[in-house]
Amino acid sequence: MSNKIYKSLEELPSPAFVCEEELLEKNLKLLKYVQDEADVNILLALKGFAMHSTFDLCKKYLKGCCASGLHEAILAKEKFGKEVHTYSPAFKDEEIDEIISLSNHLVFNSINQVNRFKDKAFGKVSMGLRINPEYSSVEVDLYNPCAPFSRMGTTKANFDESVLQYLEGLHFHALCEQNVDALEGALANFEKNFGQYFSQLKWVNFGGGHHITRADYDVEGLIKLLKDFKARYPHLKVYMEPGEAIGWQTGYLVATVLDIVNNGMNLAILDTSAEAHMPDTLAMPYRAMIRNSAVAFEKEYTYRLGGNTCLAGDIIGDYSFDKPLEVGNKIILEDMIHYTMVKTTTFNGIKLPSIIIKNKEGSYKVIKNFGYNDYKSKLS
């Protein structure tokens, strides 16, 4: 742990995630506006943003957290302290009792799971079932919860009305960083396939993937859609659980150029890693934005940026700059707070990035530095 304060970005330890408190609060205020205007309940999805040093701020605006299993549920209870909604593709026998004790809502993925755990959960927690609305406009299957043969949620053909006596809610999740038009389509299918059961329920959960804090998101359109739904079903509480919208464009990953070599092109080796610190750049793939850079050859000096691991494919990408890079230069990879910190690993023994908060006064507070023990503790 560390609480060291720095005054400038150049002084920061490297690599480091830097979350800007002012930008985070801006997102939270917008989410609170939607929450209040539409009379819905917005939860923080820990799978996308679990920087618990910010939870004192987050819980001023949001209703609680959604967890994906036991450890996230414990974190939500310990560090957030409001509502805990837990969903997992499958719960384990040895964990279910503790999960029930921590959760306000418990969402099962299948009829099998409802039947397996209903006797333990019924009456102790508000039980729900995740539905696959069989509609999605997500283009990349890796992130598409409604892709063909998806394991996520129960389709209409697999639904068994006999479990309704145990359920108080239905949950669907069909989006990934999308606008309200995508929600409209998914919601229409959800109502068409399962609307006949709504009168027996107390709540519905519209899941995540709502890119509410993105600049071009139709916030007023979302509020209208939510109000219209609530007008049709006034007895239902509505929940949403965006992950990326909380941490969207709230900070960056700072890295340092360690060496520059040439093997047919200029290659800059950084003290970070695509594989270990930002795996979505390889899995998606997507191009990380780097401050003051452009695509290859657009500016005068082009470099292939690589990570400091032994994986040959640990490549962040090709970028061009106005000036030649030098050893010691800081590289700032933008928008690396949501769905990035939560996925880091110590592959190859590489050090995890420090976690830093930039406060509203402009100072940088180191929340945590990582070292050898973090690597060792994962192994035996």
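Here the residue numbering is sequential within each chain, running from 1 through the sequence in written order. Note on the predicted model: pLDDT of at least 70 is required for a residue's local features to be given, and 80 or more for side-chain atom pairs to be given and counted; whole-chain, interface and lining totals, by contrast, use all residues. Only heavy atoms go into the side-chain values, all of them from the structure, while hydrogens and water stay out.

Chemist: Residues and numbers for the side chain of histidine 277, please.
Modeler: Secondary-structure assignment places histidine 277 in helix H9 (residues 274-277). A polar contact is formed between the side chain of histidine 277 and the backbone oxygen of lysine 351, at a distance of 3.0 Å. Here histidine 277 is in contact with Pro15, Phe17, Leu253, Asp271, Thr272, Thr340, Thr344, Thr345, Ile350, Lys351, Leu352 and Pro353, once residues within four sequence places are set aside. The numbering of helices and of strands both runs from the N terminus, where a helix is a DSSP run of H or I of at least 4 residues and a strand a run of E of at least 2. Contacts described as polar in this section are N or O atom pairs within 3.5 Å, which, within protein, must combine one atom able to donate a hydrogen with one able to accept it, while residues neighboring in sequence count only if both atoms come from side chains. Contacts were defined at the residue level, with two residues in contact if any of their heavy atoms lie within 4.5 Å.

Chemist: Could you give an account of the packing of aromatic side chains, naming the residues involved and the relevant values?
Modeler: Put simply, two rings from Phe, Tyr or Trp (the six-membered ring, in Trp's case) pair if the centres are within 6.5 Å, and we call them stacked under 30 degrees between planes, edge-to-face over 60, tilted for the rest. A complete count under the given rule lists 18 aromatic pairs for this structure. Aromatic pair phenylalanine 190 and phenylalanine 198: ring centres 5.2 Å apart, planes at 40 degrees, arrangement tilted. Phenylalanine 198 matches phenylalanine 190 in its accessibility class, with the two residues each being buried. On the basis of an interplanar angle of 50 degrees and a centroid distance of 6.5 Å, the ring pair of tyrosine 372 and tyrosine 375 is categorised as tilted. Here tyrosine 375 and tyrosine 372 lie together in helix H11 (residues 372-376), a separation of 3 residues that amounts to about one turn. Burial classification: accessible surface area is computed with a 1.4 Å probe over protein chains only, and a residue below 20% of its type maximum counts as buried, one above 50% as exposed, and the rest as partly exposed. According to the relative accessible area criterion, tyrosine 372 is exposed, its value standing at 55%. Overall, the relative accessible area of 31% leaves tyrosine 375 in the partly exposed class.

Chemist: Give me the lowdown on the environment of glutamate 134, citing residues and values where you can.
Modeler: Note that glutamate 134 resides in the loop between strand E7 (126-131) and strand E8 (169-172). Taking the C-alpha atoms as reference points, glutamate 134 and glutamate 21, 113 residues apart in sequence, are found 38 Å from one another. Each residue touching glutamate 134, except ones within four places of it in the same chain, is listed here: Cys146, Thr155, Lys156, Asn189 and Asn193. Among the polar contacts listed, one links the side chain of glutamate 134 to the backbone nitrogen of lysine 156, at a separation of 3.5 Å.

Chemist: Go over unusual backbone geometry, please, and point to the residues and values.
Modeler: A cis amide bond, omega 0 degrees, links serine 14 with the succeeding residue proline 15. When you line up the elements, proline 15 lands in the loop between strand E1 (5-6) and strand E2 (16-20). Despite not being glycine, phenylalanine 149 has its phi angle at roughly 65 degrees, a positive value. By the secondary structure assignment, phenylalanine 149 is in the loop between E7 and E8. On the basis of relative accessible area, phenylalanine 149 is assigned to the exposed category, the value being 86%. The backbone of aspartate 335 sits at a positive phi, close to 55 degrees, despite the residue not being glycine. For aspartate 335, a relative accessible area of 17% corresponds to the buried category.

Just geometry here; none of it tells us what the structure is for.
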